[in-house]
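Breakdown of the fold
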Amino acid sequence: MNAIMNFMKRNYKVLLVVAALSVALWSFIPRTDKNDPEKDKLLLELLSFVINKGHYAPKDIDDNFSKGVYKDYLNALDPSKRFFLQSDIDEFSKYETLIDDQIRNKELTFFDLTYNRLMQRMEESKSYYKDILEKPFDYNVDESFNIDYEKMPYAKNTAELKEKWRKQIKLSTLSSLTERLKLQEDKANGIKEEPAVDEDETVDPIAKPKETAKDEAPKSFDQLEKETRENSLKSLNEYFGFVKDLTRDDYFSVFVNTIAESFDPHTSYLAPEDKDKFDVSISGKFDGIGARLQKKNDFTEITELISGGPAWRGKQLEAGDIILKVGQGKEEPVDVVGMRIDDVVKKIKGPKGTEVRLTVKKVDGSMKVISIIRDVVEIEETYAKSSVVRKDGKLYGIIYLPKFYIDFENKDSRDAGKDIAIEIDRLKKQGVEGLVFDVRDNGGGSLRTVVDIAGLFIDQGPIVQVKSTGKAAEPLPDPDNKIQWDGPLVVMINNFSASASEILAAAIQDYKRGIIIGSKQSYGKGTVQNVIDLNQFVRNSASGDLGALKTTTQKFYRISGGSTQLKGVSSDVEMPDRYSYLDIGERDSEHAMPWDKIEPARYNVWDRQPNFDKAVANSKKRVTQSPQFKLIDENAKWLGKRKDENEYSLNIDKFRKEQESITAQTKKYKVINEYKNNLEFSSLPYELAMMEKDPVLKEKRKRWHESLEKDAYIEEALNILADLQPDGSVKPTVNLKKKEKLVKS
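Being a predicted model, the structure only gives us computed values, none of them experimental. Counting of residues starts from 1 at the beginning of each chain's written sequence and follows it residue by residue. The predicted nature of this model means local features are confined to residues of pLDDT at least 70 and side-chain atom pairs, given and counted, to a pLDDT of 80 or more, with totals for whole chains, interfaces and linings taken over all residues. The basis for every side-chain value is the complete set of non-hydrogen atoms in the structure, without hydrogens or water.

Points about the overall build of the chain
- The helix and strand labels rest on DSSP assignments: H or I over at least four residues marks a helix, E over at least two residues marks a strand, and numbering proceeds from the N terminus. Across its full length, the chain holds 22 helices and 24 strands.
- Taking all 745 residues of the chain together, the buried fraction comes to 50%.
- In the chain, 77% of the contacts between residues at least 6 apart in sequence involve partners at least 24 apart.
- Surface exposure here means Shrake-Rupley accessible area, sampled with a 1.4 Å probe, where a residue is shielded only by the protein chains that are shown. By element, 50% of the accessible surface of the chain is carried by carbon and sulfur atoms, the whole surface being about 36,700 Å². Using a 1.4 Å probe on the protein chains alone, a residue whose accessible area is under 20% of its type maximum counts as buried, one over 50% counts as exposed, and one in between counts as partly exposed. Residues count as neighbours in contact if any of their non-hydrogen atoms are within 4.5 Å of one another.

Take a look at the structure:
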């Protein structure tokens, strides 16, 4: 651990250089007015200055850079091209090669022009959709609409723009109307439709059951058509209500972020609220009441209580409650109706031990004032969890890690490295004979924790190499000689396993310590980011909170020398999934940094699995012969073809025929989700005891175990563990052409 901390301290020098040079910026003291242009100018200067001094590979801010920002920014403002006219674009185009000059000169002309024009066009568009939805659509007209917005030209005039709005809305209502007609026809024919349930939806096991709707008489076509227009109007009103809450600062953040992301996809500006959210996502906890909120028109509604949080423990607040007022302790409560949801959240969150009083309208319509003492809220879904399963008489362990979390402010707090070590110890006490480590959909997190975790599976040696600009790569070693788990190991990845997940998979693969299974390639993010607080560069706080810059400062490399950037990690056993033929990953990002390689580090291959190659060969054979994986691959090919189908008929007969064809095809693949592996997963004893007092946790684990029971990938991981059962201990061999000593931790 000390080696890693020393490494981090050495590489913070680049940030110290930035801090030292920032003295030159201290003369800029912006005013405190709302929408203060001086603050925006300072932000532009800080952004370009810090990126140029701190970024791993800064780009020249020139005309080519300007063209890229121009294109990306306009696309971010109006991605579906339903606000700007071609005449607006013609007016904006004179700035296409001037944005670099505006950044250097701290000019806001281009931003002000585009922002003010967007506000004007958005206000005008309110009348478009309201007029369109006043009267019924004629679905017998033979017309179509193409949703390939990237290739779609901007409207030449207002009439053309209104026509685009009409077709967009008509397509939306036609889709809804077709679904309503089908449900009604199925009901008349005695066909029951299974309710759709989002896999990520949280079920409240103690909520009151909903009343079953009484049978209703069939509705006429005109009634259903009217309902679809009313719902569309409601949705668009809610959308514009959300847009109304956005401030000029929000749009300026979009502009600044477009500049930042032009350096690489992971360099970004974090506005103050975004910085708070980023900190929560990394640490997995925050100080507050533990409730998730959503905006409903002018109201803020409770959507979920986080298990174990103060609101959950208090048992007074519940999902569906509407927050009307927020009071701090004994202070007069503030009306939050119509307030931006971010501002409501700010008022509710606060330091541990302080009181917040919520005036709420309960689900039953009653009014109530609820007092809650804020506390540390841990987001349980962020943390590692484990399960056991018995297969062919042997007990195996599953560990799922959704993120490599850490609390940088408190070294004694829980982090992914500590938690995984604990989970492994718990599984060992249960007598498991193999371990599946699941990092599917894990987007990364703390570099330190992934080094700690990989070190749990080897005795000593480097885990990853990290390189800063102009410096030789440094290996980060396993922090100790202890092996927490020396048994059979399978690591599961997919297209969305990124960054720290790829470091883990690459290290396990290079050491030949375990078998990597899953998608053909992982995401391909081989860069390291640091978050730089921009407020440190300003002498006083007159400017308010400037937020932070997350910038790429280093690249990491496998111990075998290759980068995971763009190429990701290739699975030892490639398994088809629904995204196999879609463009996903870093390699599909426009501003992605290139792949390269360096010299390999010194390391010893783990050679205690003489049946390693045989297990891989057996698995590949099973995957090839599996009807389930064959069907998944066929489905993936079909989805790959459909991604380019952007033309939709707006004639109801043709549209229904197209949808029926799609439905018929999807029915063929529906059995993919009905797959059962006939395995039974269960929680460990400590968690079973917790479930007795926590019905929400019990329900969450039940849903997780049910998903595992439908998971063909988990089943194959367990098959591999069976093939990897040890048959003796073999001393490790050196994986180097030149004889060198092992790197000591």
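Further notes follow.
Brief notes about the sheet that holds strand β11 (residues 385-391)
- Two strands qualify as a pair provided that DSSP identifies no fewer than 2 bridges between them. Taken together, the 7 strands give an open sheet; going across it, the order is β20-β17-β16-β13-β12-β11-β23, and neighbouring strands pair in mixed fashion. This sheet does not close on itself; its edge strands, each paired only once, are β20 (573-574) and β23 (681-682).
- As paired strands, β11 and β23 are joined by 2 bridges and run antiparallel to one another. Across the sheet, the residue bridging to V389 is F681, located in β23.
- In this description, a line fitted to the C-alpha atoms serves as the axis of each element, helices being fitted only across the stretch in contact, and the angle between N-to-C directions of two axes falls anywhere from 0 to 180 degrees. Packing of helix α21 (residues 695-708) onto the sheet brings it into contact with β11, β12 (394-400) and β23, and relative to β11 it is tilted by some 45°.

Observations concerning unusual backbone geometry
- With a phi angle near 70°, L566 is a residue other than glycine that sits in the positive phi range.
- Even without glycine at this site, N678 takes up a positive phi of about 60°.
- In this structure, N678 sits in the loop between α19 (652-670) and β23.
- With a relative accessible area of 72%, N678 lands in the exposed category.

Things to note about helix α4 (residues 63-77)
- Given the number of residues in a helix, its expected span is that number minus one, multiplied by 1.5 Å. Taking 1.5 Å as the rise per residue, α4 with 15 residues should run 21 Å; its terminal C-alpha atoms sit 21 Å apart, in good agreement.
- Buried residues in α4 make contact with α5 (86-92), α6 (99-105), α7 (109-132) and α10 (248-261).
- Contacts described as polar in this section are N or O atom pairs within 3.5 Å, which, within protein, must combine one atom able to donate a hydrogen with one able to accept it, while residues neighboring in sequence count only if both atoms come from side chains. Sitting at the amino-terminal end of α4 is D62, which places a side-chain oxygen 3.2 Å from the backbone nitrogen of N64.

What to know about the packing of aromatic side chains
- The criterion for an aromatic pair is that two Phe, Tyr or Trp rings (for Trp, the six-membered ring) have centres within 6.5 Å, with stacked assigned to planes under 30 degrees apart, edge-to-face to planes over 60 apart and tilted to the rest. One pass over the structure, following the stated rule, counts 26 aromatic pairs.
- Here the aromatic rings of F83 and W165 are separated by 6.0 Å at their centres, their planes lie at 65°, and the arrangement is edge-to-face. Placement of F83 in the loop between α4 and α5 and of W165 in helix α8 (residues 158-188) is noted, with a sequence separation of 82 residues between them.
- You can call F83 buried: its relative accessible area is 3%.
- Measuring from centroid to centroid gives 5.8 Å for W638 and Y669, while their planes differ by 40°, and the two rings are tilted. Placement of the pair is W638 in helix α18 (residues 627-642) and Y669 in helix α19, with a sequence separation of 31 residues.
- Y669 gets classed as buried once you look at its relative accessible area, which sits at 5%.
- In this structure an aromatic cluster arises from ring pairing among Y70, Y73, Y95, F110, F111, Y115, Y251, F252 and F255.
- Positioned above the aromatic ring of Y154 is the side chain of K81, whose terminal nitrogen or guanidinium carbon lies 5.0 Å from the ring centre.
- Stacked on the ring of W595, the Lys or Arg K567 has its end atom at 3.7 Å from the ring centre. For a lysine, the NZ atom is tested; for an arginine, the CZ atom; a charge sits over a ring if that atom is within 6 Å of the ring centre and within 35 degrees of the ring normal.

A short note on the pattern of salt bridges
- When a carboxyl oxygen of Asp or Glu lies within 4 Å of a side-chain nitrogen of Lys or Arg, that pair is called a salt bridge. Applying the stated rule across the entire model yields 42 salt bridges.
- The closest approach of N and O atoms between E645 and R642, which form a salt bridge, is 2.7 Å.
- Several salt bridges share partner residues, and in doing so they unite D88, E91, R117, R121 and E124 into one network.

Regarding the nonpolar core
- Throughout, nonpolar core names a set of buried Ala, Val, Leu, Ile, Met, Phe, Trp, Tyr and Cys residues whose side chains join them through atoms within 4.5 Å. Counting residues in hydrophobic clusters, the biggest one holds 70 residues, and the most contacted among them are W165, F255 and L534.
- The element contributing the most residues to this core is α7, with 9 residues.
- Discounting chain neighbours no more than four positions away, the residues touching W165 are R82, F83, S125, Y128, Y129, I132, L236 and F240.

Some details on helix α17 (residues 612-625)
- Helix length check: α17 (14 residues) gives 20 Å between terminal C-alpha atoms against 20 Å at 1.5 Å per residue, within 8%.
- Buried within α17 are the following residues: F612, A615, V616, S619 and V623. One side of α17 carries all its buried residues, which in axial view fall inside an arc of 100°. Structural note: α17 exposes K614, K621, T624 and Q625 on the side pointing more than 90 degrees away from its buried face.
- Structurally, α17 contributes buried residues whose contacts are with β17 (515-518), β20, α18 and α22 (712-723). The directions from the helix axis to the C-beta atoms form the arc being described.

Concerning empty space enclosed by the protein
- Buriedness of a pocket was judged along seven lines, with at least five required to meet protein on both sides within 12 Å; pockets are open sets of points on a 1 Å grid over the protein atoms alone, cavities are sets where a 1.4 Å probe fits but cannot get out, and lining residues have an atom within 4 Å of a point. Grid points are joined across faces, edges and corners, and a volume is the space filled by probe spheres set on the points. The tally for this structure, following the rule as stated, stands at 1 cavity of 30 Å³ or more.
- Contributing to the lining of the largest cavity are L44, I99, Q102, I103, E107, L108, T109, F110, F111 and F255.
- Elements that contribute at least two residues to the lining of the largest cavity include exactly α6 and α7.
- Each residue belonging to the lining of the largest cavity can be placed in one class, and the counts come to 7 nonpolar, 2 polar and 1 charged. In this classification, the charged set is Asp, Glu, Lys and Arg, the nonpolar set is Ala, Val, Leu, Ile, Met, Phe, Trp, Tyr, Cys and Pro, and all remaining amino acids, among them Gly, are polar.

Quick look at the packing of α18 against α19
- Orientation of α18 relative to α19, taken along the N-to-C sense of each, is 155°, at an axis distance of 10 Å. Viewed along their axes, α18 and α19 adopt a mutual orientation that is roughly antiparallel. For the pair α18 and α19, the crossing hand works out as left-handed. From α18, L631, E634, N635, W638 and R642 reach across to α19, where they touch I662, Q665, T666, K668 and Y669. Here roughly perpendicular refers to angles of 65 to 115 degrees, roughly parallel to angles under 35, roughly antiparallel to angles over 145, and oblique to all remaining angles. Helix crossings get a hand from a simple test, with the near helix turned counterclockwise from the far one by less than a right angle marking a left-handed crossing and a clockwise turn marking a right-handed one.

Quick notes on the environment of G365
- Within the fold, G365 resides in the loop between β8 (355-361) and β9 (367-373).
- Judged by its relative accessible area of 38%, G365 is partly exposed.
- With 44 residues separating them along the chain, G365 and D321 place their C-alpha atoms 9.0 Å apart.

Focus on the pairing of strand β5 (residues 299-305)
- For β5, the buried fraction is high: 5 of the 7 residues fall into the buried class.
- With 6 bridges joining them, strand β4 (residues 291-296) and β5 adopt antiparallel strand pairing. Paired with K296 across the strands is F299, a residue of β5.
- In this structure, β5 lies alongside strand β6 (residues 322-328), joined through 2 bridges in antiparallel fashion. Following the sheet pairing, E301 is matched in β6 by I322.

Observations concerning a negative patch on the surface
- A contiguous patch of negative charge, built from D274, D276, D533 and D545, is present on the exposed surface.
- Within the secondary structure, D274 sits in helix α11 (residues 272-283). Here, patches come from residues exposed beyond 30% relative accessible area and free of salt bridges, joined within 9 Å for like charges and within 5 Å for nonpolar side chains (Val, Leu, Ile, Met, Phe, Trp, Tyr). Counting rule for charge: Lys and Arg are taken as positive, Asp and Glu as negative, and neither His nor the chain ends is counted. Lysine's charge is taken at NZ, arginine's at CZ, aspartate's at CG and glutamate's at CD.

Re the side chain of N495
- With respect to the helices and strands, N495 occurs in the loop between β16 (489-493) and α16 (500-510).
- Among the residues examined, N495 registers a relative accessible area of 9% and is labelled buried.
- Setting aside its immediate chain neighbours within four residues, N495 contacts S519, Q521, S522, Y523, D577, Y579 and I584.

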